[in-house]
Amino acid sequence: MHMDLADQIKTLAREKNAIILAHNYQIPEIQDVADFSGDSLELAQIASKNDARMIAFCGVHFMAESAAILSPQKKVIIPDPTAGCPMADMVDADDVIEMKKQNPGAMVVTYINSTASVKAQSDVICTSSNALKIVERVEADTVLFFPDRNLGSYVQRFTKKKIITWNGFCPTHERFTTEDLTAIKKKHPDALVMVHPECRPDVIDMADEVFSTGQMVKFVKSTNSKKIIVGTETDMIHRLKQVAPHIEYIPASDSFICPNMKKINLSVLLGGLRDEETVVTVPQDVREGARKALQRMLDLSY
Ligand code: 13P
Ligand code: SF4
């Protein structure tokens with residue numbers, strides 16, 4: 001009997017004792033075949049607890065790398081190793097070392113969208129769902145925040161601590177402007193607007209709600225809103241439809257697409273699982289520092 005790609009993937013994953021994790025921006029077919037879909041924090045938590053032999057990580061490189069750091073005994077593969085995050089590459093370890101020198105006494109809170117060597121220079125990691133909590137819980141009044149200027153300035157709205165942000169950004173979210181949002185709001189004046197904190201500050205000012213992708217999933221389960229403009233990657237809508245199909249979702253813009261998240265499809269995933277060649281590894285000296293910073297985030301995320 002001929003099995004379709006999704007069935008072949010599920011069978012192979014079972015045979016190999018592998019779990020498939022997918023970020024909420026993955027294409028619908030990948031979200032559907034995955035064992036778990038989620039935001040960066042949820043996926044890191046699952047990776048750290050699960051006892052499978054192998055993790056097939058459908059997302060971008062820093063996410064798979066974080067799983068490898070937290071679970072060194074597991075084989076972590078990313079089906080397309082070129083799936084990177086441009087924001088993560090906007091800062092390197094030397095930049096962090098230099099900023100620490102210039103700001104003695106400050107603590108480094110780094111967004112999970114960063115390389116392992118940047119994480120290794122950080123006191124603690126955060127994601128978009130726990131950034132404020134982490135900043136409030138670190139033992140310093142001044143925080144150096146890498147690399148996302150938009151998430152950093154969003155957190156600054158809610159804390160008395162001084163946040164010094166690096167000048168990085170997500171090209172996909174940065175491209176979305178207040179003009180775009182005004183245009184889509186005009187077409188749908190009755191819709192609630194929810195956006196990701198990687199959006200520009202002026203876009204955030206116009207939104208009704210600001211959420212990580214995991215928080216968006218939780219929100220639609222309980223809201224009374226019937227129509228929502230979704231200000232983040234368009235495939236997020238697939239996930240939202242699964243959990244709350246009665247709501248009408250409007251993509252904030254058709255060009256709200258992360259090209260790196262689209263590099264993985266069913267045949268790429270099947271090849272990755274079959275060959276086990278695209279393994280994500282982190283050198284031991286970098287891993288230990290990065291693991292401590294990631295573990296501290298998990299410990300402070302209660
Ligand atoms: P979340 O943690 O909200 O899923 O965000 C990850 C990301 O890369 C957003 O662009
Ligand atoms: Fe990176 Fe932006 Fe893509 Fe998220 S959407 S993975 S921040 S490039």
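Notes on the structure follow. (Residues numbered from 1 in each chain as written. Chains lettered and ligands numbered in written order. Predicted model: local features only at pLDDT ≥ 70, side-chain atom pairs only at ≥ 80, totals over all residues. Heavy atoms only, no water.)

## Observations regarding the packing of aromatic side chains
Between two aromatic rings, the relevant description is the distance of the centres plus the angle of the planes. So the rule is basically this: Pairing of aromatic rings covers Phe, Tyr and Trp, the last through its six-membered ring, and needs centres within 6.5 Å; plane angles under 30 degrees mean stacked, over 60 mean edge-to-face, and all others mean tilted. Helix and strand assignments follow DSSP, with helices taken as H or I runs no shorter than four residues and strands as E runs no shorter than two, numbered in order from the N terminus. Partly exposed residues are those whose accessible area sits between 20% and 50% of the maximum for their type, while under 20% is buried and over 50% is exposed, using a 1.4 Å probe and protein chains only.
Summed over the entire model, instances satisfying the criterion amount to 4 aromatic pairs. Between the aromatic rings of Phe146 and Trp166, the centroid separation amounts to 5.6 Å while the plane-to-plane angle is 40°, which identifies the pairing as tilted. Separated by 20 residues along the polypeptide, Phe146 in strand β7 (residues 142-146) and Trp166 in the loop between β8 (162-165) and α9 (171-174) bring together distant segments of the chain. For Phe146, a relative accessible area of 0% gives the class buried. Aromatic pair Tyr154 and Phe158: ring centres 5.1 Å apart, planes at 75°, arrangement edge-to-face. Using a relative accessible area of 46% as the deciding quantity, one classes Phe158 as partly exposed.

## Remarks on the site of ligand 1
Our working definition: A cutoff of 4 Å decides nearness: a residue is near a molecule or strand if any of its heavy atoms lies inside that distance of it. N or O atoms closer than or at 3.5 Å make up a polar contact, with two conditions inside protein: a donor-capable atom paired with an acceptor-capable one, and, for residues adjacent in sequence, both atoms drawn from side chains. The accessible surface values rely on the Shrake-Rupley method and a 1.4 Å probe; as for residues, cover is taken only from the protein chains in view. Three categories are distinguished: nonpolar for Ala, Val, Leu, Ile, Met, Phe, Trp, Tyr, Cys and Pro, charged for Asp, Glu, Lys and Arg, and polar for the others, with Gly belonging to the last.
Taken together, the neighbourhood of ligand 1 is formed by His23, Tyr25, Asp39, Ser40, Asn113, Ser128, His173, His196, Glu198, Ser212 and Thr213. Ser128 is positioned with one of its side-chain polar atoms (N or O) 2.9 Å from an oxygen atom of ligand 1. Here an oxygen atom of ligand 1 and a side-chain polar atom of His196 are 2.8 Å apart. Considering ligand 1 on its own, with 300 Å² of exposed area, one finds that the protein chains cover 96% of that surface. Of the residues that constitute the shell around ligand 1, the class distribution is 1 nonpolar, 8 polar and 2 charged.

## Points about the sheet that holds strand β1 (residues 18-23)
Short version of the rule: By this definition, two strands are paired if DSSP reports at least two bridges between them. In this analysis an axis means a line fitted to C-alpha atoms, helices contributing only their contacting stretch, and an angle means the value between N-to-C directions, from 0 to 180 degrees.
Here we have 4 strands laid out as an open sheet, ordered β2-β1-β3-β4, and parallel in their pairing. Two strands close off the open sheet at either side, each with one partner strand: β2 (36-38) and β4 (75-77). For this sheet, the mean inter-axis angle between neighbouring strands, taken without regard to orientation, is 20°. For β1 and β2, the ladder comprises 3 bridges, and the chain directions are parallel. Paired with Ala22 across the two strands is Ser37, which belongs to β2.

## A closer look at the site of ligand 2
All residues adjacent to ligand 2 are Tyr25, Val60, Cys85, Pro86, Met87, Asn113, Cys170, His173, Glu198, Cys258 and Met261. Of the residues belonging to the shell around ligand 2, the class tally is 8 nonpolar, 2 polar and 1 charged.

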